[in-house]
Amino acid sequence: MTLIPLSWSRVLSPLLQPLRWLAARRWLRESEVDAVLAWLQPAWRLNRVFARVEGREWVAEDMLALRLRCNANARGWRAGQHVQLYLALDGLRHSRSYSLTRVGAAGGIELAIRRQPGGRLSNRLLDHLAVGGVLELGQAQGELHWPQDSAGVALLAAGSGITPLLGLLREALAKGFAAPVSLLHYVREQGQRPFVEELQQLMTRHPNLSVRWALTGQPAADEPLRGRFTGEHLQGLAPHHVLACGPAGFVATVAEHWHGPLQVEAFTAPERPVEPGATVRLGFVRTRRQVTGDSARSLLEQAEAAGLRPAHGCRQGICASCTCTLLGGAVRDLRNGALFAEPGQPIRLCISAPAGDVDIDL
Ligand code: FES
């Protein structure tokens, strides 16, 4: 039910300042105020950021651009930053970080979401989240920024690393940045190139922009750039400033070959799953323990063998009392072999085995 429009709640939000003051001193419960605000407008809260889905658009075979309108608690956000997105699935709270590809007026933002193998959250967002739905977001973070005074900029992106760079590029061109800009985007296949039409239109409108794609899976014979990034790909660009975003290995290679001004943002790509029985590293982050384990036995069994005492009940994946957060790496569901590799994803230790090195919040 929506009693007032989101735009009204944004205008009225400053009037809630006395309630924020009282909630900060625990003289009233924020959750109770939030319940009333959410009854009036589903995306209204005292301090938390909620947003309404205003549009969905497939921008590549495996990537969806989601247009959202945030409540007034999203303040000072910039394109190129990233936000945590939260969604309750099957009674559990899932979260994942996405880059802001656009930050507009009146709380309007755009995120681009790529399908992840076994990713419950991304697949739910891609396949089931409808226009009009409401989501919770964290506050935006991230230091990437456009080098406004640079005499030339090269943007190097691998996979979904394009998303923060596209946000910065759109904004810089809209503000009249006139020095040469080169964008190189590395994707596995032709159909995984997002925002192609828009980038081509930008090239037509802004002669200082050149965009090229490198296919790392099956490079076409006539592709000028082939395979993964090498130092040779920088030749002829003569950039004065490089921004690189992609998996950690990609940005490390860029840093190896470019010794001028550089900004990088790396994300951990899902590891290739190891065979059952292989040796893996288990990181128990909260207790600051690192042990050697294997990819055959459950994480519950291996945590206990390492001297930890995780909460548990049924040991069969039913009661959920052993649920923990996956912070990095991938796990395999021992019941059906399904892989899960989304950081922030809740996993049940008793039915999950590592599918490579993993870090869990235990
Ligand atoms: S112990 Fe019950 S679900 Fe893991």
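Conventions used here
Residues numbered from 1 in each chain as written. Predicted model: local features only at pLDDT ≥ 70, side-chain atom pairs only at ≥ 80, totals over all residues. Heavy atoms only, no water. Helix = DSSP H or I, 4+ residues; strand = E, 2+ residues; numbered from the N terminus. Polar contact = N/O pair within 3.5 Å; in protein donor to acceptor, adjacent residues only side chain to side chain. Salt bridge = Lys/Arg side-chain N within 4 Å of Asp/Glu carboxyl O. Buried < 20%, exposed > 50% of the residue type's maximum accessible area, 1.4 Å probe, protein only. Core = buried A, V, L, I, M, F, W, Y, C linked by side-chain atoms within 4.5 Å. Domains from an automatic or database assignment. Contact = heavy atoms within 4.5 Å. Pairing = 2+ DSSP bridges. Axes fitted to C-alpha atoms, helices over the stretch in contact; angles between N-to-C directions. 1 Å grid on protein atoms, 1.4 Å probe; cavity = no way out; pocket = protein on both sides within 12 Å on 5 of 7 lines; lining within 4 Å. Points joined across faces, edges and corners; volume = space filled by probe spheres on them. Nonpolar A, V, L, I, M, F, W, Y, C, P; charged D, E, K, R; others polar. Buried area = accessible area lost by both parts, 1.4 Å probe.

Draft legend 1. Seen up close, the side chain of glutamine 81. In this structure, glutamine 81 sits in the loop between strand E2 (63-70) and strand E3 (82-89). Engagement of the side chain of glutamine 81 in a polar contact is seen with the backbone nitrogen of arginine 78, the distance being 2.9 Å. Among the polar contacts listed, one links the side chain of glutamine 81 to the backbone oxygen of glycine 142, at a separation of 3.3 Å.

Draft legend 2. Fine view of the pattern of salt bridges. Per the stated rule, a full pass over the model turns up 13 salt bridges. Residue aspartate 34 pairs with arginine 48 through a salt bridge whose shortest N-O separation is 3.6 Å. Of this pair, aspartate 34 sits in helix H3 (residues 30-40) while arginine 48 sits in the loop between H3 and strand E1 (49-60), and the two are 14 residues apart along the sequence. Since its relative accessible area comes to 35%, arginine 48 is described here as partly exposed.

Draft legend 3. Inspection of the nonpolar core at higher detail. Core analysis: the biggest nonpolar cluster contains 30 residues, and Trp146, Leu155, Leu169, Phe195 and Leu199 have the highest contact counts within it. Broken down by secondary-structure element, the contributors of at least two residues to this core are E1, E2, strand E7 (153-158), helix H5 (162-174), strand E8 (181-187), helix H6 (196-205), strand E9 (209-215) and strand E10 (241-247). Looking at which element gives the most residues to this core, the answer is H5, with 7 residues. For this core, the two domains that each supply at least three residues are domain 2 (49-142) and domain 3 (153-266). Other than its neighbours up to four places away in sequence, leucine 155 contacts Trp146, Leu165, Leu169, Val181, Ser182, Leu183, Leu184 and Leu243. By size, the runner-up hydrophobic cluster in this structure holds 25 residues, among which are Leu68, Leu111, Leu121 and Leu137.

Draft legend 4. Seen up close, the sheet that holds strand E19 (residues 358-360). Spatial strand order, E13-E12-E19-E14-E17: 5 strands in an open sheet with mixed pairing. The sheet is open, and its two edges are formed by strand E13 (289-294) and strand E17 (345-348), each paired on a single side. Neighbour to neighbour, the strand axes of the sheet diverge by 40° on average, direction disregarded.

Draft legend 5. Expanded view of empty space enclosed by the protein. This model, assessed by the stated rule, comprises 1 cavity of 30 Å³ or more. Taken as a whole, the largest cavity spans an internal volume of roughly 40 Å³. Every residue along the wall of the largest cavity is listed here: Ala60, Asp62, Met63, Arg114, Gly159, Ser160, His185, Val187, Gln192 and Pro194. Of the residues contributing to the lining of the largest cavity, the split by class is 4 nonpolar, 4 polar and 2 charged. For the lining of the largest cavity, the two domains that each supply at least three residues are domain 2 (49-142) and domain 3 (153-266).

Draft legend 6. Main features of the domain arrangement of the protein. One can read the domain layout of the protein as domain 1 (1-47), domain 2 (49-142), domain 3 (153-266) and domain 4 (279-360). The centre of domain 2, based on its C-alpha atoms, is set 23 Å off from the matching centre of domain 3. Domain 2 puts 16 residues into the contact, and the matching count from domain 3 is 16 residues. Taken over both partners, the interface formed by domain 2 and domain 3 buries close to 1300 Å², and the fraction arising from carbon and sulfur atoms is 53%. Its largest share of buried area at the contact with domain 3, domain 2 owes to Ala79, Thr101 and Arg114, together 31% of the area lost on that side. Viewed at the interface, domain 3 and domain 2 are joined by 1 salt bridge. For arginine 170, the salt bridge is made with glutamate 110, and the minimal N-O distance between the two is 2.8 Å. If you look at where domain 2 meets domain 3, you find 4 residue pairs in polar contact (both at pLDDT 80 or more). When contributions to the side of domain 2 that touches domain 3 are tallied by element, the ones reaching two or more residues are E1, E2, strand E4 (92-103) and strand E5 (108-114). Looking at which element gives the most residues to the side of domain 2 that touches domain 3, the answer is E4, with 4 residues.

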